[in-house]
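Notes for the structure review
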Amino acid sequence: MNLQEFFDSIYGQISIVVVILILFGIILYSGKGRKADTRALAVSALLVALAVILNQITLIHMPQGGSVTVFSMVPVALCAYIFGVRRGLMAGMVVGLLSLVFHPYVIHPIQLLLDYPLAFGALALGGVIASGEYGIIKGYIMGVVCRYICTVISGAVFFGAYAPAGFNAWTWSIWYNATYIGIEAAITVILLFIPAVRKMFEKLKFQMENN
């Protein structure tokens, strides 16, 4: 049984569910003092669900994989913005694993990691700079760049053979992945620059931190 067949099988699906439960357990107990934080778990679970739903709404589907979705990268960035990088990273990895359930395409273990848990988890790394004025925007942009790096490496190493004439594996991966990720990122940044939207996220962060 190859990797694709495994993740299409019931055993693969069960394995993914087990890993997801472990990650949610880490979210539950990853705060200061390692006490259970059911509020963080509940909100993170809602954001994960929202990310998965938005990821199914495709505006542009790319011919060699990847798509422009309806703000599907925002929930993970928002989780990191509200709860910090650690919980955001766990939530992002859950989103990646759920994407593996719905749309599995696996040819190598490292490709699996780069395209699914690491790529989506990388969206949370923007939480490092997601503070102060326009914090959510800065964090989102950095998270998207981190995800882009994962997809570029995966594309060049594992799918470089599909590069058309005039491109090598790396230049094609850089260009190809920039198209759909860049389009979605640009649309999302425009949304986040709307004062009412940005203030809503800032208010949510304040409420989570002070209640």
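Scroll up a little and you will see the structure.
This one's a predicted model, so the numbers in the text were calculated from it and none came from an experiment.

Below, the discussion takes up a nonpolar patch on the surface. A contiguous nonpolar patch, built from Ile-141, Val-145, Ile-149, Ile-153, Val-157, Trp-170 and Ile-174 and spanning about 600 Å² of accessible area, is present on the exposed surface. Of all the secondary structure elements, the ones that give two or more residues to the nonpolar patch are α8 (135–158) and α9 (169–192). Of all the elements, α8 adds the most residues to the nonpolar patch, at 5 residues. Among the secondary structure elements, Ile-174 is positioned in helix α9.

Turning our attention to the state of the cysteines. According to the stated counting rule, one finds 0 disulfides in the structure shown. Just so you know, Cys-79 is unpaired, no disulfide at all, and the nearest cysteine sulfur is the one on Cys-146, 16 Å from it. The exposure class assigned to Cys-79 is buried, which follows from its relative accessible area of 1%. No disulfide involves Cys-150; its nearest neighbouring cysteine sulfur is the one of Cys-146, lying 7.5 Å away.

Turning our eyes to something else, we now look at the side chain of Ser-72. Positionally, Ser-72 belongs in the loop between β2 (67–69) and α4 (74–83). In contact with Ser-72, other than residues within four places in its own chain, are Ala-51, Leu-54, Asn-55 and Glu-184.

Bringing the environment of Phe-24 into the picture now. By secondary structure assignment, the location of Phe-24 is in helix α2 (residues 10–28). Sequence-wise, Phe-24 and Ala-45 are 21 residues apart; in three dimensions their C-alpha atoms are separated by 8.1 Å. Each residue touching Phe-24, except ones within four places of it in the same chain, is listed here: Leu-41, Ala-45, Val-48 and Val-94.

Attention shifts here to the nonpolar core. Within the largest apolar cluster, 51 residues are counted, with the highest numbers of intra-cluster contacts made by Leu-100, Tyr-140 and Phe-201. When contributions to this core are tallied by element, the ones reaching two or more residues are α2, α3 (38–55), α4, α5 (85–102), α8, α9 and α10 (195–210). The element that contributes the greatest number of residues to this core is α4, accounting for 9 residues. Counting residues in each nonpolar core, the second largest holds 7 residues, with Ala-119, Cys-146, Phe-158 and Phe-159 among its members.

As a further point, take α3. In a regular helix each residue adds 1.5 Å, so 18 residues correspond to 26 Å; α3 covers 25 Å between its end C-alpha atoms and thus fits that length. In this structure Asp-37 caps α3, since a side-chain oxygen of it lies 3.3 Å from the backbone nitrogen of Arg-39.

Definitions and cut-offs
Residues numbered from 1 in each chain as written. Predicted model: local features only at pLDDT ≥ 70, side-chain atom pairs only at ≥ 80, totals over all residues. Heavy atoms only, no water. Patch = residues over 30% accessible without salt bridge, like charges linked within 9 Å, V, L, I, M, F, W, Y side chains within 5 Å. Areas by Shrake-Rupley, 256 points an atom, 1.4 Å probe, with all protein chains shown as cover. Salt bridge = Lys/Arg side-chain N within 4 Å of Asp/Glu carboxyl O. Helix = DSSP H or I, 4+ residues; strand = E, 2+ residues; numbered from the N terminus. Disulfide = S-S within 2.5 Å. Buried < 20%, exposed > 50% of the residue type's maximum accessible area, 1.4 Å probe, protein only. Contact = heavy atoms within 4.5 Å. Core = buried A, V, L, I, M, F, W, Y, C linked by side-chain atoms within 4.5 Å. Expected span 1.5 Å × (residues − 1). Polar contact = N/O pair within 3.5 Å; in protein donor to acceptor, adjacent residues only side chain to side chain.

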